Amino acid sequence: MAEASSLKKSPSPLPLHELLSQLLQSEPVAKRHPWPSMGTWQGLNRTLERQPLLDFTNICLRGVGQIAFANNPLSGLLILLAVGLQSGWVALSLVIGVVTATWAAYGLKLDRPSTRNGIYGFNGALVGLALGTFGTWGNGSGNGLWLGAIALGAALTTVLMQKLGLWMAIQWKIPAMGIPFHIVTYLFLIIALYVPQPFFQLGSPPPFLNSIETINGVRLLSALLTGLGQIFFSGGFWSAVLIGLALALCSPMGALVGALGCGIGVLTGLWLGADLNGLYAGLWSYNSALTAIAIGGIFYAPNLRSVAIASVGALITALAGWLLGLGLAPLGLPILAVPFHVGTYACFLVLRRSLSSLVPVAPYAIASPEEHRWRYLTARQLISAFRQQLQDAIQGRSHQVLFEQASVALRGDLRYVFDAIDRDHSGKLSLAELSQHFQHTGYPLKPDELDLAFTSMDADRSGEIEFAEFGELLLRHRQLVSRLDEFYTYFLPIDANGDGVLAPQEMNVVLASVDEPPLTPDEVNFLRQRLAGKDFTWERFLQLVLVI
């Protein structure tokens, strides 16, 4: 299932869910967010696609937000304002970085959807933030050479993102994330520090204005916000407030998980006896926040299991930051976001080998934690219903829960369709009546397609379709099709070998991911009998969801 085409390629006859779409409209889809501008706001992407200047601005702002996995242009704008509130020079550097990186993606004709969602812009934005910040400590402010270095480094991150990112995805099956930024930034810092040259002087970080040596509860709480701000090299409180609002605008769930990560970073720093000034400034928590968001909402759907793993990852990240700080400080180098990569990649490794039931998000699903959560809940509901249907079928019980629970109005809609097909008003549908109805609607079925549709509705194999049988199948179809994209996307990463076939062990991973026990021998045998020796493909699985 790693390839969409391998799952969606239609066999002959057409899949049952496509045939039934001619009879009843799908269930209305609930809104994922209370406001249209929340989430990843993909509607704006579609609206601006033919307005180049506005679209480029939208893409660059998404690149700014993607630094903290906030794929939303309004979030990016708020973050840019927050950085500018603290330093106009750093804000200018940020703009140069994200614009150059995005231009490079256009010039290299890289993957259009990824480019338009800021994937190739955020590393360049990070280069702008880092070099802009380091430049203010030395001879950078107002220095055009620094802006030139930022532009060159940002363009280089786009090339690295395309080449290195593809290699890491193929060889290790992990995302590159901010690795290109780190390669470029550390290369620049090493040159500036150790190669004799008169152009780039780094200087030292400014000292803390008010040295604090006692634990202050209010300051500890404020560190939850300043940690989010430090993701964007912003230590000021009000800048951090704007950044927190920006992340919450895209994903309240992501912002909460990020704050949890900040809290874990702060507690780890207290445990290790860290300098309180650095702790309150968010220097101990921004990496942990990124790891928590990545594992607890971006690369895995947020649920109790993933948030628990994200918390452990945040702890690993904080410890990695402490150790890396001990090693890099004598060299005059900052830790940047290296601890985040250490903690996140460690979680990937552990989850892949020890907890495969925590299903990762499909690689192409550029979405918010709320949307990932919706996919998870959709899969849990449909899979749990399928499991109950399977157990009832094995025991010979009729399973018509949706029909029995349907409202009077919905049953009326079903009765209207049923009576339109029931031309002789017998109260039951024959094969001939079903065939005539499809022809009348302008969608005549081939014999094998008609046979599939009829036998699927005739649950008791009486040779006629009763109203309850008809209603149950159409209600299952209505529910399934309204959520088919989410259900399909949830399944994508599960087919480990990419052969398009769901092996029993892969189905057990699916079941475990929604807290269902593995398939029993009786269930496996029943499914094999229903498949009659055919492969358990995605479309056959959907058919079983509908008819069992």
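All values reported here derive from a predicted model rather than from experimental measurement.

Caption draft 1: Spotlight on the overall build of the protein chain. When helices and strands are counted, the protein chain shows 27 helices and two strands. Summarising its shape, the C-alpha atoms of the protein chain cover approximately 90 × 50 × 40 Å along the three principal directions. Scored against the burial criterion, the 548 residues of the protein chain give a buried share of 52%. In the protein chain, the proportion of contacts linking residues at least 24 apart, taken out of those at least 6 apart, comes to 75%. For the protein chain, the accessible area works out to roughly 24600 Å², and carbon and sulfur atoms hold 63% of it. Across the protein chain, the centroid of the 34 positively charged side chains sits 7 Å from that of the 37 negatively charged ones.

Caption draft 2: Focus on the side chain of asparagine 45. Mapping asparagine 45 onto the fold places it in helix H3 (residues 42-48). Taking the relative accessible area as the measure of exposure, asparagine 45 reaches 3% and is therefore buried. What asparagine 45 contacts, discounting residues up to four positions off in sequence, is Asp55, Asn58, Arg62, Arg116 and Asn117.

Caption draft 3: Main features of the environment of leucine 492. Structurally, leucine 492 is set in the loop between helix H24 (484-491) and helix H25 (504-513). Classification of leucine 492 by relative accessible area gives buried; the value is 6%. Considering only alpha carbons, one finds leucine 492 and valine 361, 131 residues apart in sequence, at a separation of 8.2 Å.

Caption draft 4: Representation of the packing of helix H15 (residues 286-298) against helix H16 (residues 304-328) in the model. Where H15 meets H16, the axes come as close as 8 Å, and the angle between the chain directions of the two elements is 155°. When the interaxial angle is binned, H15 and H16 end up roughly antiparallel. As H15 runs across H16, the sense of the crossing is right-handed. Between H15 and H16, the residues in contact are Asn287, Ser288, Thr291, Ala292, Ile295 and Gly296 and Ser306, Val307, Ile309, Ala310, Gly313, Ala314, Thr317 and Ala318, respectively. Broken down by class, the residue content of the contact of H15 with H16 amounts to seven nonpolar, seven polar and no charged.

Caption draft 5: Up close: helix H5 (residues 73-86). Under the 1.5 Å per step criterion, the end-to-end length of H5 is 20 Å for 14 residues, consistent within 8% with the ideal 20 Å. In the core, the buried residues of H5 are packed alongside H3, helix H4 (52-65), helix H6 (88-107), helix H8 (122-137) and helix H12 (237-250). Measuring from the backbone nitrogen of leucine 74 back to the side-chain oxygen at the start of H5 gives 2.8 Å, which picks out asparagine 72 as the cap.

Caption draft 6: Representation of a nonpolar patch on the surface in the model. On the surface, Ile190, Leu193, Tyr194 and Leu331 cluster together to form a nonpolar patch covering roughly 360 Å² of accessible area. Tracing the backbone shows leucine 331 in the loop between H16 and helix H17 (338-354). Note on leucine 331: relative accessible area 43%, which makes it partly exposed.

Caption draft 7: Expanded view of the pattern of salt bridges. A complete count under the given rule lists seven salt bridges for this structure. Two residues, arginine 305 and aspartate 515, come together in a salt bridge whose shortest N-O distance is 2.7 Å. Pair noted here: arginine 305 is in helix H16 and aspartate 515 is in the loop between H25 and helix H26 (521-531), with a separation of 210 residues, a long-range link. Taking relative accessible area as the criterion, aspartate 515 reaches 53% and is therefore assigned exposed. Three or more residues are tied together by salt bridges with common partners; here these are Asp55, Arg112 and Arg116.

Caption draft 8: Summary view of the packing of aromatic side chains. Following the criterion strictly, the structure yields 28 aromatic pairs and no others. Plain terms: the ring middles of phenylalanine 403 and phenylalanine 467 are 5.3 Å apart, the flat faces sit at 85° to each other, and that makes the pair edge-to-face. Of this pair, phenylalanine 403 sits in helix H19 (residues 401-405) while phenylalanine 467 sits in helix H23 (residues 467-482), and the two are 64 residues apart along the sequence. Given the relative accessible area of 7%, phenylalanine 403 is considered buried. Judged by its relative accessible area of 14%, phenylalanine 467 is buried. Taken together, the ring pairs connect Tyr376, Phe386, Phe487, Tyr488, Tyr490, Phe491, Phe536, Trp538 and Phe541 into an aromatic cluster. The ring of phenylalanine 403 carries the charged tip of arginine 411 above its face, separated from the ring centre by 4.3 Å.

Caption draft 9: Spatial organisation of the confidence of the model for the protein chain. Per-residue confidence for the protein chain gives a mean pLDDT of 88; residues scoring 70 or more make up 91%. Element-level mean pLDDT values for the protein chain span from 39 in helix H1 (residues 4-8) up to 98 in H6. Taken as a whole, residues 1-12 scores under 50 in pLDDT and shows 31 contacts with residues more than four places along the chain or in a different chain.

Caption draft 10: Molecular detail of unusual backbone geometry. Not every positive phi belongs to a glycine, and phenylalanine 233 is a case in point at roughly 60°. Looking at where phenylalanine 233 falls in the secondary structure, it is placed in the loop between helix H11 (217-230) and H12. With a phi angle near 50°, leucine 336 is a residue other than glycine that sits in the positive phi range. If you trace the backbone, leucine 336 turns up in the loop between H16 and H17. Looking at leucine 336, the relative accessible area reads 5%, which means it is buried.

Conventions used here
- Residues numbered from 1 in each chain as written.
- Predicted model: local features only at pLDDT ≥ 70, side-chain atom pairs only at ≥ 80, totals over all residues.
- Heavy atoms only, no water.
- Helix = DSSP H or I, 4+ residues; strand = E, 2+ residues; numbered from the N terminus.
- Buried < 20%, exposed > 50% of the residue type's maximum accessible area, 1.4 Å probe, protein only.
- Contact = heavy atoms within 4.5 Å.
- Areas by Shrake-Rupley, 256 points an atom, 1.4 Å probe, with all protein chains shown as cover.
- Lys, Arg positive; Asp, Glu negative; His and termini not counted.
- Charge placed at Lys NZ, Arg CZ, Asp CG, Glu CD.
- Axes fitted to C-alpha atoms, helices over the stretch in contact; angles between N-to-C directions.
- Parallel < 35°, antiparallel > 145°, perpendicular 65-115°, else oblique.
- Left-handed = near helix turned anticlockwise from the far one by under 90°.
- Nonpolar A, V, L, I, M, F, W, Y, C, P; charged D, E, K, R; others polar.
- Expected span 1.5 Å × (residues − 1).
- Polar contact = N/O pair within 3.5 Å; in protein donor to acceptor, adjacent residues only side chain to side chain.
- Patch = residues over 30% accessible without salt bridge, like charges linked within 9 Å, V, L, I, M, F, W, Y side chains within 5 Å.
- Salt bridge = Lys/Arg side-chain N within 4 Å of Asp/Glu carboxyl O.
- Phe/Tyr/Trp six-rings, centres within 6.5 Å; stacked < 30°, edge-to-face > 60°.
- Lys NZ or Arg CZ within 6 Å of the ring centre and 35° of its normal.
- pLDDT = per-residue confidence, 0-100.

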